Structure formats: structure tokens, C-alpha cells
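Structural overview for review
Residue-level listing of the chains:
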Amino acid sequence: MEGASLNDANLTNSYFSSSFIGVNGFGSPAETKYSMMQRMTTSSSSPSLLNDGAKNFSHSTHDPVNSPTSSLFSDFGALSISQRRKAPNPAASEFIPKGAPRMAPMAQAPMAQAPMAQAPMAQAPMAQSSVPAFPSPLFPHPGLNSSTAAALAPGMSLSAGSSPLHSPKITPHTSPAPRRRSHTPNPANYMVPTSAADQGPHMIQKETVGGTTYFYTDNTPAPMSGMVFPTYHIYPPTAPNVAYMQPKANAPSFFMADELRQELINRHLITMAQIDHSENPDVPSEVDSYHSLFPLEALPPPNRMQKTSNFSYITSCYKAVNSKDDLPYCLRRIHGFRLVNTKCMMLVDMWKKIQHSNSVTLREVFTTKAFGDHSLVFSYDFHAGAETMFSRHFNDPAADSFFNKRKWGQHEPPPPRQHAGLLPESLIWAYIVQLSSALRTIHTAGLACRVMDPSKILITGKTRLRVNCVGVFDVLTFDSSQTNHLALMPQYQQADLVSLGKVVLALSCNSLAGIQRENLQKAMELVSINYSSDLKNLILYLLTEQSRPRSVNDIMPMIGARFYTQLDASQMRNDVIEEDLAKEVQNGRLFRLLAKLGTINERPEFQKDPTWSETGDRYLLKLFRDHLFHQVTEAGTPWIDLSHIVACLNKLDAGVPEKMSLVSRDEKSVLVVTYSDLKRCFDSTFQELQAAASGSL
């Protein structure tokens with residue numbers, strides 16, 4: 001195969017570097033008798049998809065076995081050999097009988113997943129649901145003998161357009177740039193035939209594998225005539241479903257741009273934060289296999305005697321990096337705890353298996369003396385930028401004023417209303433869905449959460465919840481004298497539901513004082529006035545005694561259709577994040593282009609030649625750099641246009657045949673070149689630098 005000798009530089013320069021072979025996936029699974037094998041398209045340095053398709057099918061009217069097109073499948077067969085030579089595979093082509101149809105292993109990629117951004121096309125002929133089950137092969141080859149295809153001159157393509165900027169003599173296929181194999185499928189190949197008249201005769205192809213020649217029917221569709229794709233990358237507009245999103249009342253905003261960027265930057269800063277050991281000598285530099293410890297909470301003073309209200313032990317929390325995988329983790333240290341029995345590790349192993357989006361995963365538990373005492377350390381996944389529910393919603397002392405006992409002679413304060421101190425009901429239901437989902441997974445695994453407390457529930461972003469510190473109580477309260485260590489789990493699971501009811505009631509009152517026994521009546525009155533009866537009934541069900549054991553599944557009917565609201569909000573959020581990702585997806589490719597260009601331009605000396613960067617191909621690249629960044633207006637002021645820089649870099653990366661004028665700095669010379677010529681100079685020059693850096697010169 002031609003691409004077998006490609007190096008990393010060529011691969012990174014290629015516009016499409018994804019290894020991707022599209023295969024038609026229409027029809028039912030029972031229709032296995034139709035072999036749908038997709039060709040690999042060939043391209044030079046341009047991502048022009050239609051050029052590749054037009055070139056591949058230009059010989060479709062000749063004998064398919066002896067025509068030049070058959071060499072494409074010989075190359076594909078050579079690629080298949082190199083990938084399946086390691087061990088006998090019954091599914092490999094060596095084991096396929098001669099008369100058996102050849103089936104490709106991959107499903108067809110939808111049109112929306114094509115790597116090249118282009119204008120949205122008509123979706124009616126693309127819908128898979130509108131394609132009936134054809135009694136004959138679904139996509140036989142129509143002959144490329146239409147007037148449109150016959151009118152193409154040699155060396156021209158449908159994607160080149162009729163602009164005078166495009167040269168009919170030099171195209172990305174006839175360019176002297178190195179030829180490369182592209183794994184990107186032609187989007188035109190996925191167009192569904194509109195009528196039975198479009199189905200032509202079968203195309204018999206051959207492929208030689210291991211000395212045996214196989215003949216099979218090639219049903220690859222021909223490109224639709226009249227389709228034109230851009231010859232280099234262009235940026236599409238925002239998707240309409242994202243552009244028309246409007247925030248709902250009393251609901252958190254799900255579309256962010258600058259906020260999302262700032263949040264990610266803050267997470268990166270927290271992840272990379274380090275401590276000054278000269279000011280914190282009590283923090284060890286290394287604990288077991290973890291290093292670079294950074295306190296996430298205020299360190300307790302050395303003479304502190306009081307214990308935390310949750311675990312009855314002094315605890316501290318650190319961010320640390322594991323030297324085994326170089327990933328950050330959160331270490332929860334239990335001060336002064338001596339582990340006397342390792343049977344509790346059975347429960348730890350059960351916790352390690354729980355993977356849930358609303359629970360912080362426990363990774364390992366170990367003992368250490370690195371802090372100067374016997375400490376027990378729990379290692380969890382680290383979620384940078386997370387804050388506890390207590391610090392976000394219950395850190396305002398003024399919120400408890402309604403539940404504070406009034407003095408003699410003072411009037412009862414009026415209860416707060418929504419939009420005036422209470423949380424929106426939609427936010428509370430969002431929390432309920434996530435917490436109940438975490439409890440459902442934990443209880444199904446035969447465990448109990450036991451830490452359903454506002455101080456142990458983490459919030460990241462707007463509304464994302466995660467239950468933290470799971471498994472701590474199972475180790476601290478482990479009783480080695482019991483034969484069945486899971487006997488008390490049903491009792492703990494019932495306590496989890498009561499704790500969930502207290503958390504929901506505290507959120508509804510926006511105060512932890514509301515869950516105190518003497519304030520329960522006033523708290524329920526507050527819920528009745530400001531929230532729906534469904535929320536009130538859920539709280540009553542969780543807090544009152546029941547005649548039978550309760551289950552977290554019992555509250556699902558109370559949540560009802562609000563679950564779909566949260567699902568819709570989550571999917572909308574996913575759409576917005578994908579749209580933001582689409583804006584940034586090409587930045588890495590453009591940065592690599594600029595980095596390579598920077599290593600070439602203005603290089604003081606190369607191979608003991610001080611004029612290397614000012615002569616030959618390097619001089620063209622220097623003028624192109626001036627064309628990118630150093631243009632001026634008629635008045636002599638700098639002309640700065642980011643769209644000009646991005647467009648020129650995309651054209652260079654694709655090697656389009658468009659012509660441009662490069663003017664020397666003394667304005668005495670004007671060079672007319674094409675982007676394909678510049679790409680050839682660019683690739684050869686950078687390869688020369690790479691060869692010198694690797695010592696092969």
C-alpha cells in the first residue's frame with residue numbers, strides 16, 4: 001500500500017487523519033446476503049471528498065477486474081493482510097469460501113458524523129427509515145455515463161468550482177505533493193437511490209488474499225451528480241436546535257460559553273495547584289504511592305481534640321497524584337485510626353465495583369504512618385471545583401430566621417416565599433432525581449450509603465450532584481465478631497431513605513434548622529405553601545414510619561414525569577457542550593500548522609547554512625507568513641483579520657489549487673503560487689527538519 005511508508009509528520013499534516021471506513025448499514029439484520037463493502041478513497045493532500053469519488057469511479061464503464069480501479073482493492077487487500085496475520089481468525093477473509101458474500105464489519109457512519117464541516121444537506125433522501133427492504137442488492141453501481149460526468153475535463157473535479165482562482169491544470173490529485181491514502185469516506189456515497197431505475201448492473205470485484213483470489217459483488221453507490229463539497233475546511237453556523245434554545249423559568253441555564261470556559265480553567269488550576277512545604281511542614285511530601293499533597297480543607301490544629309459530627313473521628317482531605325498512573329485523586333484521612341482487622345476489605349471491594357454518575361468512586365483504602373500517627377486513608381476520584389451542598393445552600397445564617405424561637409412580645413416572622421429566599425422547585429426535583437438514582441444503584445449492589453448529608457454531597461457546575469465519602473462508615477464501624485457482615489444493610493438502607501427525606505426538607509426550607517424535630521411542623525407548613533403536593537407527599541413518605549420496608553423505587557411514581565424533564569435538560573446540555581466542542585475541534589490542527597511554520601521561518605542556521613531560511617522553498621514560506629500576519633492597509637496601518645488567517649491556514653493544510661500572490665518585502669517581486677505548491681514546500685521543508693532532528697541526515 002502506498003501509505004505504508006508515511007511518517008508522523010505526513011499524518012498530522014493530513015486534513016483527515018481518522019481511520020474510518022464507512023459501510024452501508026441500511027436494511028434488516030436478516031439481509032446478510034447483500035454484501036456492502038465500502039471502498040477506501042484515495043486523495044493527495046486535499047480533503048476534497050467528491051474528487052476522490054469521481055476519480056475512483058471514472059473507470060466504472062470498463063472491465064472491473066482488469067481496469068485500473070481494481071488496484072485499489074489490491075491495496076486494500078494488502079492492508080487487510082497486515083492487520084490479520086498475527087493469529088488464525090475464523091472470521092478473517094482466508095476462511096471465507098469463494099462463493100460466500102463478503103460482509104464488512106463496521107456499520108455505516110451517518111452523514112452528520114463526516115469529519116469535514118459542510119453546509120447541511122437535504123435530510124429527506126438521507127433518512128434510513130424511508131428506505132424499503134430491496135429484494136435486490138441495495139446499492140448496485142450505476143454507470144458513470146451521465147452528461148455531467150462526461151463533461152468533466154481531465155484533471156478537473158466537481159469540487160473545484162468554476163472560480164478563476166482555481167487552476168484547471170493543477171488539482172490536489174495532479175499536484176506534485178506526496179500521494180497519501182485517505183480513510184475518510186465520501187459523503188456522496190451514502191445517498192439513497194431515489195428509484196429502481198438508478199440501480200445498475202452488479203460490479204464484480206476481485207481481491208487476492210494469501211494467494212487465493214476471491215470474486216464478489218461490489219454494491220458501492222456512485223456519487224450523486226451535481227454535489228459540490230468545499231475543498232478545504234470551513235466553519236458551519238450554530239446548529240438551529242442550540243441557537244433557538246431559551247432558558248425556562250425557575251430552571252438553571254444549560255447553555256454557557258464564557259462560563260463554561262472559565263469553569264474549565266478553574267478546574268485545571270485546582271488540579272495543578274501545589275502547596276508550599278516551607279509554610280506547611282506538617283503535610284508529608286509522599287503518602288504510600290501518592291505525592292504532591294494539597295489540602296482541600298483547612299487543616300485542623302495539632303492540639304484539636306473535638307471530632308467531626310459525621311464520622312466521630314478527626315478527618316482531613318487532600319488532593320494527591322498517584323505515581324502509578326499520574327492521575328489526581330482525593331485522599332480522605334481518618335486521624336488516629338488503627339485498622340485491626342482486614343476483613344472489612346471485602347466491603348471495600350464491593351464499593352470499588354460501583355460506578356455511577358452521581359457517586360464518587362472509591363478506589364482504594366490503606367493505612368499509613370506518614371502523618372506521624374496511625375491513619376486510615378480512603379482514595380476517591382478527584383472532581384476539581386466541587387463544593388458541598390452545605391457550603392452552597394446552607395451557609396447563610398439569615399436563612400434560619402424563620403425557625404428561630406421568637407422572644408416574648410415579638411411577632412411571628414412571615415414565612416419566606418419562592419423567589420425570595422427559597423430554592424426553585426425544579427432545582428429540588430433535579431437533586432431528588434440524582435440522589436435517588438445514586439441510592440438505587442448502591443442499594444441494588446447490597447450496600448448502604450450512610451453518608452446522605454449536605455456536608456458529604458458534592459455539587460459541580462450548576463446542578464450536578466455526587467455522593468461523597470461512601471464506604472467510610474462500613475470500615476469504621478466494622479464488627480469482626482459478626483458472621484454475616486451484610487445482615488444490617490437493610491436497616492442502613494432504610495436509614496438512607498430517612499436521610500434523603502431530611503435533605504429534601506432542608507432544601508425546601510433552605511435551612512438546616514427545618515429538619516430539627518421541634519421545627520418539623522413549621523417546615524411542612526412552609527413546604528405546603530410554596531411547593532407542590534407531590535413534593536410534600538414525597539417528604540412525608542420518606543420521614544414517616546411505614547408498615548413495610550420502603551424502597552427507593554417507591555418514590556419513582558412520586559417523581560413521575562419530572563424525570564423526563566431532567567432527561568431533556570441533560571440532553572440539551574449535551575447538545576450545547578457538543579456545539580462548543582465543534583467550535584474548538586479544529587484548533588489543534590491549526591496550532592500544529594503554526595508550530596511547524598514557526599520552526600521553519602527565520603531559522604538562523606541549518607546544516608551550517610545561515611541563509612537556509614531565506615532561499616528556496618523556505619523563502620516562499622516566509623512570504624506566506626508575511627501574507628498571513630503582516631499585511632497592511634492602504635494607509636499603512638496593520639490589517640488584522642482572524643478569519644483571513646484561519647482561511648489561509650485551512651487552504652494550506654488542504655493544498656487547494658487556488659492561486660495567490662506573494663509580494664516580497666521590498667515590493668519588487670511578486671510570486672503567483674497555488675496553495676498546493678505551498679503545501680509541497682511546507683511538507684518537504686518540515687520533513688527535512690525532522691530528518692535532521694532524528695539524526696538521519
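Residues numbered from 1 in each chain as written. Predicted model: local features only at pLDDT ≥ 70, side-chain atom pairs only at ≥ 80, totals over all residues. Heavy atoms only, no water.

Per an unreviewed UniProt entry, the protein is named PAN2-PAN3 deadenylation complex subunit PAN3, and its organism is Pogonophryne albipinna. The Sequence similarities (unreviewed entry) field of the UniProt record for the protein holds the comment "Belongs to the protein kinase superfamily. PAN3 family." (UniProt positions renumbered as here; feature names shortened; annotations may be inferred.)

Examining the sheet that holds strand 8 (residues 328–334)
One open sheet accounts for 6 strands, arranged 5-6-7-8-10-9; its pairing is antiparallel. What marks the edges here is a single partner per strand, and that holds for strand 5 (286–287) and strand 9 (362–368). Across 4 bridges, strand 6 (residues 290–295) lies against strand 7 (residues 315–322) in antiparallel orientation. Each residue of the ladder has a partner; that of Pro 295, found in strand 7, is Tyr 318. (Pairing = 2+ DSSP bridges. Helix = DSSP H or I, 4+ residues; strand = E, 2+ residues; numbered from the N terminus.)

Describing the side chain of Gln 586
Here Gln 586 lies in the loop between helix 15 (562–584) and helix 16 (587–600). Given the relative accessible area of 10%, Gln 586 is considered buried. Of note is the side chain of Gln 586, whose polar atom sits 2.7 Å from the side chain of Arg 589. (Buried < 20%, exposed > 50% of the residue type's maximum accessible area, 1.4 Å probe, protein only. Polar contact = N/O pair within 3.5 Å; in protein donor to acceptor, adjacent residues only side chain to side chain.)

Remarks on the state of the cysteines
Considering all chains together, one arrives at 0 disulfides under this definition. Free cysteine: Cys 317, not disulfide-bonded; nearest cysteine sulfur from Cys 330 at 3.2 Å. Cysteine Cys 449 is unpaired, with the sulfur of Cys 469 as its nearest cysteine sulfur at 9.7 Å. Under the relative-accessibility criterion, Cys 449 is labelled buried at 2%. (Disulfide = S-S within 2.5 Å.)

Considerations on the pattern of salt bridges
Going through the model one piece at a time under the given rule, you end up with 19 salt bridges. With its nearest N and O atoms 2.7 Å apart, the salt bridge here joins Arg 392 to Glu 387. Across the salt bridge formed by Arg 450 and Asp 474, the nearest N and O atoms sit 3.1 Å from each other. Taken together, the residues Arg 450 in the loop between helix 9 (425–444) and strand 12 (457–460) and Asp 474 in helix 10 (residues 472–476) connect sequence positions 24 residues apart. Taking the relative accessible area as the measure of exposure, Asp 474 reaches 4% and is therefore buried. What you see here is one network of salt bridges that share partners, running through Glu 602, Arg 625, Asp 626 and Arg 665. (Salt bridge = Lys/Arg side-chain N within 4 Å of Asp/Glu carboxyl O.)

Here's the deal with the packing of aromatic side chains
The description of two aromatic rings rests on the distance between their centres and on the angle between their planes. Under the counting rule described, the total for this entry stands at 9 aromatic pairs. Aromatic rings pair up to connect Tyr 290, Tyr 329 and Phe 366 into one cluster. Positioned over the ring face of Tyr 492 is Arg 450, at 3.8 Å from the centre of the ring. (Phe/Tyr/Trp six-rings, centres within 6.5 Å; stacked < 30°, edge-to-face > 60°. Lys NZ or Arg CZ within 6 Å of the ring centre and 35° of its normal.)

A look at the nonpolar core
Core analysis: the largest hydrophobic core is formed by 74 residues, its most contacted members being Phe 378, Tyr 380, Met 389 and Met 452. It is helix 9 that contributes the most residues to this core, 10 residues altogether. Those residues in contact with Met 452, other than ones at most four positions away along the chain, are Leu 435, Leu 439, Ile 457, Val 467, Asp 496, Ser 499, Leu 500 and Val 503. Ranked by size, the runner-up nonpolar core spans 28 residues in total, among them Tyr 232, Leu 649, Met 660 and Phe 686. (Core = buried A, V, L, I, M, F, W, Y, C linked by side-chain atoms within 4.5 Å. Contact = heavy atoms within 4.5 Å.)

A short note on the sheet that holds strand 11 (residues 387–388)
Across a sheet, strands are paired by hydrogen bonds formed along the backbone, either parallel or antiparallel in direction. Pairing in this open sheet of 3 strands is antiparallel, and the strands run 11-12-13 from one edge to the other. Strands with a single pairing partner mark the edges of an open sheet, and in this sheet they are strand 11 and strand 13 (464–467). Inspection of the sheet shows strand 11 paired to strand 12 by 2 bridges, in the antiparallel sense. Within strand 12, the position partnered with Glu 387 by the bridge is Ile 459.

Regarding the packing of helix 16 against helix 17 (residues 617–629)
Contact pair helix 16 / helix 17: the axes reach a minimum separation of 10 Å and the direction vectors enclose 125 degrees. Between helix 16 and helix 17, the interaxial angle falls into the category oblique. Crossing angle aside, the handedness with which helix 16 passes helix 17 is left-handed. Note on element contacts: helix 17 touches helix 16 through Arg 618, Leu 621, Phe 624, Leu 628 and Phe 629, opposite Leu 594, Leu 597 and Ile 600. Along the lines of polarity and charge, the residues of the contact of helix 16 with helix 17 split into 7 nonpolar, no polar and 1 charged. (Axes fitted to C-alpha atoms, helices over the stretch in contact; angles between N-to-C directions. Parallel < 35°, antiparallel > 145°, perpendicular 65-115°, else oblique. Left-handed = near helix turned anticlockwise from the far one by under 90°. Nonpolar A, V, L, I, M, F, W, Y, C, P; charged D, E, K, R; others polar.)

Here we look at the UniProt feature "binding site: ATP" (unreviewed entry) in the protein
When the UniProt feature table is mapped onto this chain, "binding site: ATP" (unreviewed entry) is found at Arg 332, Asp 381, Phe 382, His 383, Ala 384, Gly 385, Ala 386, Glu 387, Thr 388, Ser 455 and Lys 456. Structurally, His 383 can be placed in the loop between strand 10 (375–381) and strand 11. Ignoring any residue separated from it by four or fewer positions in sequence, one finds His 383 in contact with Val 360, Thr 460 and Arg 466. With respect to the secondary-structure elements, Glu 387 resides in strand 11. Its relative accessible area of 30% is what places Glu 387 among the partly exposed residues.

As for the pairing of strand 15 (residues 670–674)
Across 5 bridges, the pairing between strand 14 (residues 659–663) and strand 15 is antiparallel. Opposite Met 660, over in strand 15, you have Val 673 as the bridge partner.

Focus: helix 19 (residues 675–694)
Taking 1.5 Å per residue, 20 residues should reach 28 Å; helix 19 reaches 28 Å between its end C-alpha atoms and fits that length. Taken as a whole, helix 19 has its buried residues at Tyr 675, Ser 676, Asp 677, Leu 678, Lys 679, Cys 681, Phe 682, Asp 683, Thr 685, Phe 686, Leu 689 and Ala 691. (Expected span 1.5 Å × (residues − 1).)

So, the packing of helix 17 against helix 18 (residues 642–654)
Interaxial distance between helix 17 and helix 18 falls to 9 Å at its minimum, and their mutual angle equals 145 degrees. Here Phe 624, His 627, Leu 628 and Phe 629 of helix 17 come into contact with helix 18, specifically with His 644, Ile 645, Cys 648, Leu 649 and Leu 652. When grouped by side-chain class, the residues that make up the contact of helix 17 with helix 18 number 7 nonpolar, 2 polar and no charged.

Section: the pairing of strand 9
In summary, the side chains of a regular strand alternate between the two faces of the sheet. Pairing analysis gives 6 bridges linking strand 9 to strand 10, with the strands arranged antiparallel. Each bridged residue has a counterpart across the sheet, and for Leu 362 the counterpart in strand 10 is Tyr 380. A loop of 6 residues connects strand 9 with strand 10, the two strands running antiparallel in sequence, and Gly 372 in this loop sits at a positive phi of about 95 degrees.

Description of unusual backbone geometry
Look at Cys 469: it is not a glycine, yet its phi comes out positive at around 65 degrees. Mapped onto the fold, Cys 469 is located in the loop between strand 13 and helix 10. Here the phi dihedral of Gln 607 falls at roughly 55 degrees; this positive angle occurs in a residue that is not glycine. Along the chain, Gln 607 turns up in the loop between helix 16 and helix 17.

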